[in-house]
Structure formats: structure tokens, C-alpha cells
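A look at the structure
If you want the building blocks of each chain, they are given just below.
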Amino acid sequence: MEELSFYKNIRWDDLCDQSFLVMVLESMYDALVVVDSTGLIVYVNPAYTRELNVKSSKVVGKRMKDIAPESIVLKVLETGMPEIGVQSRIIKLGIDVIVNSTPIFKDGKLTGVVSVFRNITTIRNLSEQLEKMKDYQDYLQEQLLKRALPEEFKGIIGNNTKFRSMLTRAMLAARSEITILIQGETGTGKDLIANAVHNASKRKKNPFIEINCAAIPENLLESELFGYEGGAFTGAKKGGKPGKIELADKGTLFLDEIGDMSIVLQSKLLRALQEKRIERIGGIDSIKVDIRLIAATNQNLETLIQENKFRKDLFYRLNVFSIETIPLRERRDDIPILSYYFLKKFSEEENKKCKLSENVLNKFMEYNWPGNIRELMNIVEAAVVTCNSRFIELRHLPAYFTAAISMHRTKKQNESFRLDSCTMKVEKECIMNALKESNNNKSKAIKMLCISRSAFYEKLKKYQIA
Ligand SMILES: Nc1ncnc2c1ncn2[C@@H]1O[C@H](COP(=O)(O)OP(=O)(O)OP(=O)(O)O)[C@@H](O)[C@H]1O
Ligand SMILES: [Mg+2]
């Protein structure tokens, strides 16, 4: 008994089989500590010394409040109430434990407390590590989201997968200096993307200069792009004028509708891009320019090349990084989100509280949107302006839109008629085959076709079969 960690004054007389009970306690996996009514530690089992890595002699006979003043055992001694599943830390030992601490009553009197606990330091460490990993994961996710959606791209609405991957490409390109060619139908957001790319690029504090090659008469476009010196031509400003390329120095030049540029000007532009220098019209000196170029077009440049309307070498010079915007009809799943986005925008502007009726949204889903997002935006804006009820209904939409929808329907119905005529063809063929097979015996043919006699004669008449 001496080697056992019993306090010498403990009375074991009451135990029927002392050695057996001791064996049980000593074999326990969980650590066990017993204090008497005064808080004196009277017993610890081997699991205790193993788990807490302390010798029993260091604790047995000591007061709990001296060893672990934070111990839950002291609370149980005070209240006489059990404390179950309490997680706590033995500060002196730097160990985390989970404790079940219960009072021992004898003849209704509190005589001590028995506490069973498990060292959860490893689990706690693991869970702390897990927490940290989770925080890190959250952080990474946040970073990823930030990367996925830089502030400058936030006004670009759409969740369609193809659209999102197009945006990701644009975002990646924004971080570099790469020349971008944006191709896509009218109203699909080419301008919007060009702006976002510039604003998300290193050049964002420098100018973003836009020039629409289709909007400027051909003879003026050259001087708009390259500028001119004073007296270069009649009507030229006295002191000359810098061109857009020069103005875009250190910034971004956005050449919109590049497909509309004349072949002659294309050559001049290509030279300027290759040499990174320009000469003003009528000027002698060449001016060094540092521009990032974004070009856009809604024309098919490959077709223009084949028609000798676009220089192949310029195309390659521009198409270093290509972005293709997606027509709205190919991302119909984005129609609701875009509609609600514009509805909110224009309702706020108009100080109205309009909602889209389901019928209208269904029609939006059906329509082909040749003008893409610009068209949707304009339709919603006009609907908000004209709407005088709670819901935007079909009557608030432009006549051309509702006409297009009903034409679309008729076309669809026509298609179904065509299907009908296919069925008729097959039916006629079946009857002819049956007649052939039965050597023109009509009764036999009727049986083979499994139709009524009257239906058979009706069909003979219909298909003009003799
Ligand atoms: N994904 C989008 N989210 C929100 N607004 C958009 C989106 N795409 C386009 N828009 C809006 O639609 C309108 C047309 O877009 P944008 O001018 O960029 O199209 P585009 O492709 O340049 O057309 P065009 O070929 O006619 O010049 C703009 O007002 C733009 O803000
Ligand atoms: Mg545009």
C-alpha cells in the first residue's frame, strides 16, 4: 500500500474489497484525483501521473487550491454540485483538460470530490491548428474573392460561368501590360470591360483615352490620333494639338471600333505601335509614347482581313490577348440578375418602387436581345419611367419588343406546323406501303395500319391516294 498514492490517514474500512477497487482505479485510462472535504489531495491514479507528467508525491497531500487555484474541484467542494464536461486549463502545467467533477457524500455530508479528467492538450492543439487553418482558409478565400472581383469589376454584373471566366481573363490581363483585343456584339460590355481593365491596372492614375474610330470621319481620325503641328493644314490650330495617342502617354489608349479604321491609317498606327513613337501631322520630330493599348470591335476582324479591309499584321499586333464578350442570348441565366440590377438602379434614380411582373421576366427570357445588355438596360429604364403601378407589365414595354415576342411565337408555331407536315408525310408513306404490301387489298391494309375504316378512307381522300 505504501507505493500507492493514498493519503496515509484515509480510512478504507468501509470498502468491501479494497484491493479490487484499487486495481480498478489504477487501471483507469482517465486520470483521477480525489480530494477530501478540506480540498486536500488524497489520491491520484497512475493515469494522472502519466497524463499530467507529474509524480504523485508532488501532488498527494497538497492542497488543491495551492496546486491549481483555478480548479473546478474547489467549486464542487463549495457548492456540493457536480460539474460535468468542463474544459479547463491547468495553468502551472500548461495542460488542457476536460473534467467531470462530482461530490462524494457520506451520510449526507460532503466528504470530498472525485474528479475524472482527460488530457485534451493534443486535441486542443489540433483544434487550435484547425481553427488557424480555417482562419487562413477564410483569409485565402477572401483574397481569392478580392482577386476574382477587384473593386473596378464590381459594377459588371453576371454569374454565368462563361461570362465569369471571361471576366477572370480580363482581370488577369488588367494586372499586366498586355495589349488586349475585345471582340463582341454591340452592347455586350466591351467599353465597360476596357474601363475596368484600365482602372484595375497599374496605370489607373494615368489617363484613359478613348477614341471611337467609327464615330470620327476618316479624314479627321488621323489628326485625332496623331495630333498636328501649327499650320499643318488649313484650319489647323496655331500652336498645334496633341493627338489621343500622345495624350494617353503613361496611360491606356482605348481604340474602339478598330474595324472601322481605314487601311492607310491602320499602317500608320501599326508603325507607331511598333516603334512606340509618333509624329504629329506636319511635325518633324518623333515623340516617344508609353501606352497600354486596348482595342475593341463588334466586327469580325478575320472576315475583314479576308476582304482586305483589315491588316493582318495589325490584327496580330492587337490580338495579343483576346477577350470575347458574350451575347446576352448565350447567357440567358443572367437575364434576371441584370434585369433586377437595372430595375434597382433606375427605380432609385426615378424614386419609384416598381417590381417586375413574372410575365415580363418570362418575356425577357424568351427574347433574343440583338442589342444585348444595352437593350435590356434601355427597356428597363423606359419601363420604370412609364410604370405608374406597382408592377411593370407588358404594356410598359416598347411596342417593338412585344411585337418581336409575338413574331417569335408565331415563328415557333410555324415550326410546329412544319413538324405537322412531316407527320403527314410519314402517314401518307405508311398508307402507301400498307397498300403495296396488301396488293391494294384495302381491308388488309386497314388491319395492318390498325385504324378504322372511316379514318382510312378519310386519309385516302386527304392524301389523294387512288
Ligand atoms: N455585365 C454588365 N453589367 C452591367 N452593365 C453592363 C454589363 N454589360 C454592359 N453593361 C452596360 O450596357 C451598356 C452597353 O455596354 P458597352 O457600351 O460596354 O457595350 P459595347 O460592347 O461597348 O457596345 P458597342 O459595341 O455598341 O460599343 C453600358 O451602359 C454598360 O454599362
Ligand atoms: Mg463600345
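Residues numbered from 1 in each chain as written. Chains lettered and ligands numbered in written order. Predicted model: local features only at pLDDT ≥ 70, side-chain atom pairs only at ≥ 80, totals over all residues. Heavy atoms only, no water.

1. Let's talk about the site of ligand 1
- As a structural note, the neighbourhood of ligand 1 is formed by 20 residues, with I157, T186, G187, K190 and D191 the closest of them.
- G189 places a polar main-chain atom, nitrogen or oxygen, 3.1 Å from an oxygen atom of ligand 1.
- Side-chain polar atom of K190 to an oxygen atom of ligand 1: 2.6 Å apart, as the coordinates give it.
- In isolation ligand 1 offers 620 Å² of accessible surface; the protein chains occlude 86% of this area.
- More than half of the atoms of ligand 1 fall within 2 Å of the grid points belonging to the second largest pocket.
- If you list the elements that add at least two residues to the shell around ligand 1, you get helix 7 (190–199), helix 13 (335–350) and helix 15 (372–386). (Near = heavy atom within 4 Å. Polar contact = N/O pair within 3.5 Å; in protein donor to acceptor, adjacent residues only side chain to side chain. Areas by Shrake-Rupley, 256 points an atom, 1.4 Å probe, with all protein chains shown as cover. 1 Å grid on protein atoms, 1.4 Å probe; cavity = no way out; pocket = protein on both sides within 12 Å on 5 of 7 lines; lining within 4 Å. Sits in = over half its atoms within 2 Å of the grid points. Helix = DSSP H or I, 4+ residues; strand = E, 2+ residues; numbered from the N terminus.)

2. Considering the packing of helix 13 against helix 14 (residues 358–366)
- As a packed pair, helix 13 and helix 14 sit with axes 10 Å apart at the nearest point and diverge in direction by 125°. It follows from the interaxial angle that helix 13 and helix 14 lie oblique. Of the two elements, helix 13 crosses helix 14, and the hand of that crossing is right-handed. Packed against helix 13, whose contacting residues are I335, P336, S339 and Y340, the element helix 14 presents L361, F364 and M365 at the interface. (Axes fitted to C-alpha atoms, helices over the stretch in contact; angles between N-to-C directions. Parallel < 35°, antiparallel > 145°, perpendicular 65-115°, else oblique. Left-handed = near helix turned anticlockwise from the far one by under 90°. Contact = heavy atoms within 4.5 Å.)

3. A word on unusual backbone geometry
- Positive phi, close to 50°, is recorded for W369, a residue that is not glycine.
- The topology assignment puts W369 in the loop between helix 14 and helix 15.
- Residue W369 is classed as buried on the basis of its relative accessible area of 0%.
- The phi dihedral of Q464 is positive, around 50°, even though this residue is not glycine.
- Its relative accessible area of 72% is what places Q464 among the exposed residues. (Buried < 20%, exposed > 50% of the residue type's maximum accessible area, 1.4 Å probe, protein only.)

4. Points about the nonpolar core
- One finds L225, L255, I258 and F310 to be the most contacted residues of the largest nonpolar core, which totals 30 residues.
- Broken down by secondary-structure element, the contributors of at least two residues to this core are strand 7 (208–212), helix 8 (218–226), strand 10 (252–256), helix 10 (263–275), strand 13 (292–297), helix 11 (301–306) and helix 12 (312–318).
- Here this core takes five residues from helix 10, the largest share from any one element.
- Beyond its immediate stretch of four places on either side in the chain, I258 contacts L181, C213, L269, A295, A296, T297, L301, F310 and L318. (Core = buried A, V, L, I, M, F, W, Y, C linked by side-chain atoms within 4.5 Å.)

5. Brief notes about the sheet that holds strand 6 (residues 180–183)
- Reading across from one edge, 7-10-13-6-14 is the order of the five strands in this open sheet, with parallel pairing throughout. The sheet terminates laterally at strand 7 and strand 14 (321–324), the two strands that pair on one side only. Direction aside, neighbouring strands of the sheet carry axes that sit 15° apart on average.
- Summarising the sheet, strand 6 and strand 13 pair through four bridges and their orientation is parallel. Bridged to I182 within strand 13 is A296. (Pairing = 2+ DSSP bridges.)

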